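Chain by chain, the residues:
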Amino acid sequence: MSRTRSAARPAQGLHRRSLLAAAGAVTLSAGLGYALRPTESEAATALPAPTATTTPTPSPTPVAPYTQGTTLDSVATPRGGGSGSGYRRLGDGPGWSRVVRTELAAATSGRADRRTALAAFVQFTDLHLTDVQHPLRLEFLRASDPHAWRPQEALTVPGAVSLVERVNALRAGPVTGTPFGFVMTTGDNTDNNSHTELDWFMKVMSGGRITPNSGDPRHYEGVQNSGLGLYWQPGSTVRDGDKALGFPHLPGFLAAAIREVRSPGLAMPWYSTVGNHDFLPTGCYGSHADSYLVDAAVGGRKLMTATRAEAKKFQSAFKGAQDPKGTGYRDFLKAHTHAMRTVTPDERRAPYTPAEYVTAHLDPAHQGHGPAGHGYTAANLDAGTQYYAFRIAEGVLGISLDTTDPGGFYEGSIGTAQLTWLKRTLTEHTDDHVIVFSHHTSTSMTNTRPDPAHPGERRHDGAELVSVLAAHPHVLAWVNGHVHKNVVTPHPAPHGGSFWEISTASHIDHPHLARIIELTDNSDGTLSLFTTLVEAAAPHRTDFADLSRTGLAALYRELSFNAPGAHTTLAGKSTDRNTELLLKKP
């Protein structure tokens, strides 16, 4: 019997969760979504009826196990520099092998023939869909930090659409062949907390036509046609610093970058988790009440330059959490009014509030393949929350947390009300396996600045959240992003509450990745979480003459690989990429 059949077949003596999962397989394959409705004072204790969704058109499920289309098969790899310039072209390289990790449970032989599939889904994280013409961007920091502005940023939309195409083509897990139940985004879906970007994100995920442009509808206005040598000027013969490193002269690049594209949308349900860039302007400032910065976001003046000393001082305050409200940024802009350039004002660039973020998800125009609200409900609007629980499969519960700190700064924490809700939800679902999702990682939840809306409420850091999760043996995994790096961390607990923390690289910095996660019962007292990384569907090789959407998506990857100042370790170690993560069955 093939492994695919074995993975889907109940075995003798399975735990009740396994039988429930088998019973829920039809629900998963049909793409039906469930949501539990959280409020600050009450958590749902019973599962509501499935949310009506549009069922994707059936297509043949890949034969499992498979590797094609994943990083098990091939990974974009540099194929040599050009004329010693340092700019390297990408091509097809060898894949990354799967590594079995046994820190939390031993691996027994024969488990591949005994395992039963419980769930399969995909994680997107840190898409950072970017309105590169937005007046509040901190591009001028490149004067002291080359990676403060990245040459690939104008191509985030075609890059994300290509990622959607990859997942739609795969349809099912490479280990078990279980159809993907959903895609979960773990935050920083947008970059500048701008309405333009939120609209683009919703259409990338649910389908629609997107024009990744703001301001003047006729042409691009920003740092890349400014004539400034600080930035790559792709359509100009200006000898900028990036061309000196080998970046190409590409006439027509900017016109192509703002051209309308169509996203097919995901052919499966998707859920959403909020990140700091979705909550705070520039991902850092709790400045929604600052009328100057709100007006500047939609106005007609943009700062593109600063001295190296000014940029270094500003970035030190930014990274040191010295300006959480953005008052220093406001004063900096006022002091540099004379250096600003004129751009076309655009009301669509206004920052969106948490309520507007939730409302966009509830909009029927963005339902796609569901579920309605993509995890959020009217209860979130009523309570002013952005966290919820949902049914991954029968016997498997998902919990999406809001780890952003409304007080400002890019690191995270959670408030007491949310932590209380989390504890209650975990206690009320002890017969479920639980997978937790958030934007921030355990090590990046260090910002316990008070929430201005709840100044008396305590904030809780990552170490405390780890302790809470470890106190519940049915928690299997915590899936997150934020750090733009692949990191898989075991969290052992002496009394059986061990779980894996799975942090995945972004889709803005190289390598551009998403992660497939499959959960199986090995019928030997252990469970396995299989993680498999995937790249966007665009080819690894680029053609500078190809400025089609697919050509731009390929170029997006190559530009990010070559971005000056880019970190070279974000792919992580082999133990952080394609893995089998074993743990004891609770």
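In this report, the structure presented in the accompanying data block is examined.

Reading the values: the criteria
Residues numbered from 1 in each chain as written. Predicted model: local features only at pLDDT ≥ 70, side-chain atom pairs only at ≥ 80, totals over all residues. Heavy atoms only, no water. Phe/Tyr/Trp six-rings, centres within 6.5 Å; stacked < 30°, edge-to-face > 60°. Helix = DSSP H or I, 4+ residues; strand = E, 2+ residues; numbered from the N terminus. Buried < 20%, exposed > 50% of the residue type's maximum accessible area, 1.4 Å probe, protein only. Lys NZ or Arg CZ within 6 Å of the ring centre and 35° of its normal. Polar contact = N/O pair within 3.5 Å; in protein donor to acceptor, adjacent residues only side chain to side chain. Contact = heavy atoms within 4.5 Å. Core = buried A, V, L, I, M, F, W, Y, C linked by side-chain atoms within 4.5 Å. Pairing = 2+ DSSP bridges. Axes fitted to C-alpha atoms, helices over the stretch in contact; angles between N-to-C directions. Salt bridge = Lys/Arg side-chain N within 4 Å of Asp/Glu carboxyl O. 1 Å grid on protein atoms, 1.4 Å probe; cavity = no way out; pocket = protein on both sides within 12 Å on 5 of 7 lines; lining within 4 Å. Points joined across faces, edges and corners; volume = space filled by probe spheres on them. Nonpolar A, V, L, I, M, F, W, Y, C, P; charged D, E, K, R; others polar.

Overview of the packing of aromatic side chains
Each aromatic ring pair is characterised by the separation of its centres together with the angle its planes make.
1) Next: Within this structure, the stated rule accounts for 27 aromatic pairs.
2) Next: Pairing Tyr-87 with Phe-247 gives two aromatic rings, centres 4.9 Å apart and planes at 75°, and the pair type is edge-to-face. Separated by 160 residues along the polypeptide, Tyr-87 in the loop between strand E1 (74-81) and strand E2 (88-94) and Phe-247 in the loop between strand E6 (208-210) and helix H7 (253-257) bring together distant segments of the chain. Across this residue pair, the class does not change: Tyr-87 and Phe-247 are buried.
3) Next: Through successive ring pairs, a cluster of aromatic residues spans Phe-121, Phe-182, Tyr-271, Tyr-352, Tyr-357, Tyr-376, Tyr-388, Phe-390 and Phe-437.
4) Next: In this structure, Lys-334 packs its charged tip against the face of Tyr-292, placed 5.1 Å from the ring centre.
5) Next: The residue whose ring lies beneath Arg-577 is Trp-96, and the NZ or CZ to ring-centre distance is 4.5 Å.

Some remarks on the side chain of Thr-520
1) Next: You can see Thr-520 is positioned in strand E19 (residues 514-521).
2) Next: Judged by relative accessible area, Thr-520 falls into the buried class, the value being 0%.
3) Next: A distance of 3.4 Å separates a polar atom in the side chain of Thr-520 from a polar atom in the side chain of Asn-522.
4) Next: When sequence neighbours within four positions are dropped, the list of residues in contact with Thr-520 reads Arg-115, Thr-116, Ala-117, Leu-118, Thr-176, Leu-527, Ser-528 and Phe-530.

Comments concerning the nonpolar core
Across soluble globular proteins, nonpolar side chains have a tendency to be buried as a group.
1) Next: Formed by 64 residues in total, the largest nonpolar core has its most connected members in Phe-124, Val-183, Leu-266, Ile-392 and Phe-437.
2) Next: If one sorts the elements of this core by residue count, helix H5 (residues 156-170) sits on top with seven residues.
3) Next: Setting aside chain neighbours within four positions, we find Phe-437 in contact with Phe-121, Phe-182, Met-184, Thr-186, Thr-273, Phe-390, Ile-392, Gly-398, Ile-399, Ser-400, Leu-401 and Val-479.

Some points on the sheet that holds strand E17 (residues 487-491)
Whenever strands of a sheet pair, they do so through backbone hydrogen bonds, lying parallel or antiparallel.
1) Next: The six strands lie next to each other as E11-E12-E14-E16-E18-E17, forming an open sheet whose pairing is mixed. Each edge of the sheet is formed by a strand with only one pairing partner; in this case those strands are strand E11 (388-393) and E17. Sheet twist, expressed as the average angle between the axes of neighbouring strands with direction ignored, equals 20°.
2) Next: Sheet topology note: the strand E14 (residues 433-437)/strand E16 (residues 475-480) ladder contains four bridges and is parallel. Residue Ile-435 lies in a different strand from E16, and its bridge partner there is Ala-477.
3) Next: Packing against the sheet, helix H15 (residues 462-470) makes contact with E14, E16, E17 and strand E18 (499-503), and its axis sits at approximately 150° to E16.

Things to note about the environment of Gly-265
1) Next: Residue position: Gly-265 is located in the loop between strand E7 (261-263) and strand E8 (270-273).
2) Next: The class of Gly-265 is buried, set by a relative accessible area of 2%.
3) Next: Ignoring sequence-local partners within four residues, the contact set of Gly-265 consists of Val-164, Asn-168, Val-204, Met-205, Ser-206 and Gly-207.

What about helix H9 (residues 291-298)?
1) Next: Regarding H9, the residues found buried are Leu-293, Ala-296, Ala-297 and Val-298.
2) Next: Where the residues of H9 are buried, they touch helix H11 (327-335).

Section: the pattern of salt bridges
1) Next: With the rule as written, the count across this model stands at 26 salt bridges.
2) Next: Here Asp-509 makes a salt bridge to Arg-150, at a shortest N to O gap of 3.0 Å. Here Asp-509, found in the loop between E18 and E19, pairs with Arg-150, found in the loop between strand E4 (116-124) and H5; they are 359 residues apart in sequence, far enough to count as distant.
3) Next: For Asp-509, a relative accessible area of 8% gives the class buried.
4) Next: Arg-150 gets classed as buried once you look at its relative accessible area, which sits at 11%.
5) Next: With its nearest N and O atoms 2.7 Å apart, the salt bridge here joins Asp-346 to Arg-348.
6) Next: Note on Asp-346: relative accessible area 8%, which makes it buried.
7) Next: Through salt bridges with shared partners, a single ionic network connects Arg-137, Glu-139, Arg-150, Glu-153, Asp-191, Lys-302 and Asp-509.

Here's the deal with the pairing of strand E21 (residues 579-584)
1) Next: When you tally the buried positions in E21, you get five out of six residues, the bulk of the element.
2) Next: With four bridges joining them, strand E3 (residues 99-104) and E21 adopt parallel strand pairing. Across the sheet, Leu-104 pairs through a bridge with Leu-583, a residue of E21.
3) Next: Pairing geometry for strand E20 (residues 526-534) and E21, over six bridges, is antiparallel. Counted as the bridge partner of Phe-530 is Glu-580 from E21.

Observations concerning unusual backbone geometry
Outside of glycine, negative phi angles account for most residues, and trans bonds account for most peptide bonds.
1) Next: Of the consecutive residues Gly-370 and Pro-371, the connecting peptide bond is found in the cis state with omega at -10°.
2) Next: As for its placement among the helices and strands, Pro-371 is situated in the loop between helix H12 (354-362) and helix H13 (378-383).
3) Next: The residue after His-510, namely Pro-511, is reached through a cis peptide bond having omega 5°.
4) Next: Here Pro-511 is to be found in the loop between E18 and E19.
5) Next: With a phi close to 50°, His-374 is a non-glycine residue in the positive phi region.
6) Next: For His-374, a relative accessible area of 0% translates into the label buried.
7) Next: At Ser-523, a residue that is not glycine, the phi angle is positive and equals roughly 55°.
8) Next: Tracing the backbone through its elements, the reader meets Ser-523 in the loop between E19 and E20.
9) Next: Under the relative-accessibility criterion, Ser-523 is labelled partly exposed at 29%.

Structural notes on the layout of surface pockets
1) Next: Its boundaries defined by the atoms lining it, the largest pocket holds a volume of some 930 Å³.
2) Next: Forming the walls of the largest pocket are 30 residues, and the residues nearest its centre are Arg-150, His-277, Phe-318, Lys-319 and His-484.
3) Next: Those elements that provide at least two residues to the lining of the largest pocket are helix H8 (276-279) and helix H10 (308-319).
4) Next: By residue class, the composition of the lining of the largest pocket is eight nonpolar, 12 polar and 10 charged.
5) Next: Taken as a whole, the second largest pocket spans an internal volume of roughly 600 Å³.
6) Next: Lining the second largest pocket we find 31 residues, and of these Phe-279, Pro-354, Gly-384, Pro-406 and Asp-451 sit closest to its centre.
7) Next: Going through the elements one at a time, H12, H13 and helix H14 (416-428) are the ones with two or more residues in the lining of the second largest pocket.
8) Next: Among the residues forming the lining of the second largest pocket, the class breakdown is 13 nonpolar, 12 polar and six charged.

Read these as layout, nothing more, since geometry by itself doesn't imply function.
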